[in-house]
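Survey of secondary and tertiary structure
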Amino acid sequence: AGTNETATAAKSGASATERFRTDKKAGAQADPERVNLLAREVIEAVHDTIRRHKVTYDEYNALKSWLISVGDDGEWPLFLDVWIEHVVEEVATEHREGNKGTIEGPYYVPNSPEQGAKGTLPMRDGESGTPLVWTGKVTSTSGQPLAGAKVEVWHADADGFYSQFAPGIPEWNLRGTFTADENGDFEITTIRPAPYQIPTDGSCGKLIAAAGWHAWRPAHIHVKASADGHELLTAQLYFPGDEHNSDDIASAVKPELILDPKPAGDHETIEYGFVLDPV
Ligand code: MBD
Ligand code: FE
């Protein structure tokens, strides 16, 4: 809105690919035995599908062409985070006794501006969406309040765009870092985000259209909560009654992550805290 550049899948894909490279998340030293096992099983699973469904050369070439375009569009982060990450997250967090988490997705940016224990996410004058006042406490699984815990928040605007991945939005719009006070408490003012469609004009959109799926995610607020000596919690919070809570394209909704907003005049209040597991 009000800009001469438009959001395209290729632009947000290129930004997400660049973001991933910059954050160097792919640092793990590969163990040859693991690579041998995992790569072989994935390849064999593809062979099995080809045999079972008698995949044709036309279908093989369609796949080859599509895979090439996913890279051209920079949509590997989007593809992987939408269709694969939720199972990685499930396996990585199955031991947890504290708060449930969910996938990070492609649009996290570290080091967002510090807001203290209580504040308002950076936003434009007249940012659209119902104001939301969110209070919560960060504790350990033993019930200890975690003073100084960090709560990083990021979410899309009312049009479904994330700052730094769509053009024409101030750099840190709807992104901020809060620090829990001496009682582990924080208070975050923001606006309620809208349901969100992943980009439909790139390769992931082509797959969705070709398969007759939809591109929707329910409205969500991303969060990372962390404290010394505790596991980093990555989560997303959802709103009750959203029609896509039960058919999220990214399979990232869990009942424990659905908020209970209460109307309060011109805004809504939510109460949601985090219980962090020890490292
Ligand atoms: C998003 O905003 C998101 O959270 C995920 C998981 C995938 C695509 C866009
Ligand atoms: Fe998101």
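Residues numbered from 1 in each chain as written. Chains lettered and ligands numbered in written order. Predicted model: local features only at pLDDT ≥ 70, side-chain atom pairs only at ≥ 80, totals over all residues. Heavy atoms only, no water.

Counting buried positions over the 5 residues of strand E3 (residues 150-154) gives 4, a clear majority of the element. Where E3 meets strand E4 (residues 175-179), 5 bridges bridge the pair, whose relative direction is antiparallel. Bridging from a neighbouring strand, Val153 pairs with Gly176 of E4. Bridge analysis of E3 against strand E8 (residues 220-226) gives 5 bridges, and the strand direction is antiparallel. Across the sheet, residue Trp154 finds its bridge partner in E8, namely His222. (Buried < 20%, exposed > 50% of the residue type's maximum accessible area, 1.4 Å probe, protein only. Helix = DSSP H or I, 4+ residues; strand = E, 2+ residues; numbered from the N terminus. Pairing = 2+ DSSP bridges.)

With that out of the way, let us pick up the pairing of strand E9 (residues 233-238). Counting buried positions along E9 gives 6 out of 6 residues, so the element sits mostly inside the fold. Burial of the side chains of E9 extends over both faces: Leu233, Ala235 and Leu237 are buried on one face and Thr234, Gln236 and Tyr238 on the other. Both E8 and E9 contribute to a ladder of 6 bridges, which runs antiparallel. Within E9, the residue paired with His222 across the bridge is Gln236.

What follows concerns the coordination of the iron ion (ligand 2). Taken together, the protein ligands of the iron ion (ligand 2) are Tyr162 (OH), His220 (NE2) and His222 (NE2), with distances of 1.9 to 2.1 Å. Along the chain, the residues that donate to the iron ion (ligand 2) are spaced as Y-x57-H-x1-H. Each member of the pair His220 and His222 is classed as buried. (Donors = N, O, S within 2.8 Å, 3.2 Å for Na, K, Ca; no water.)

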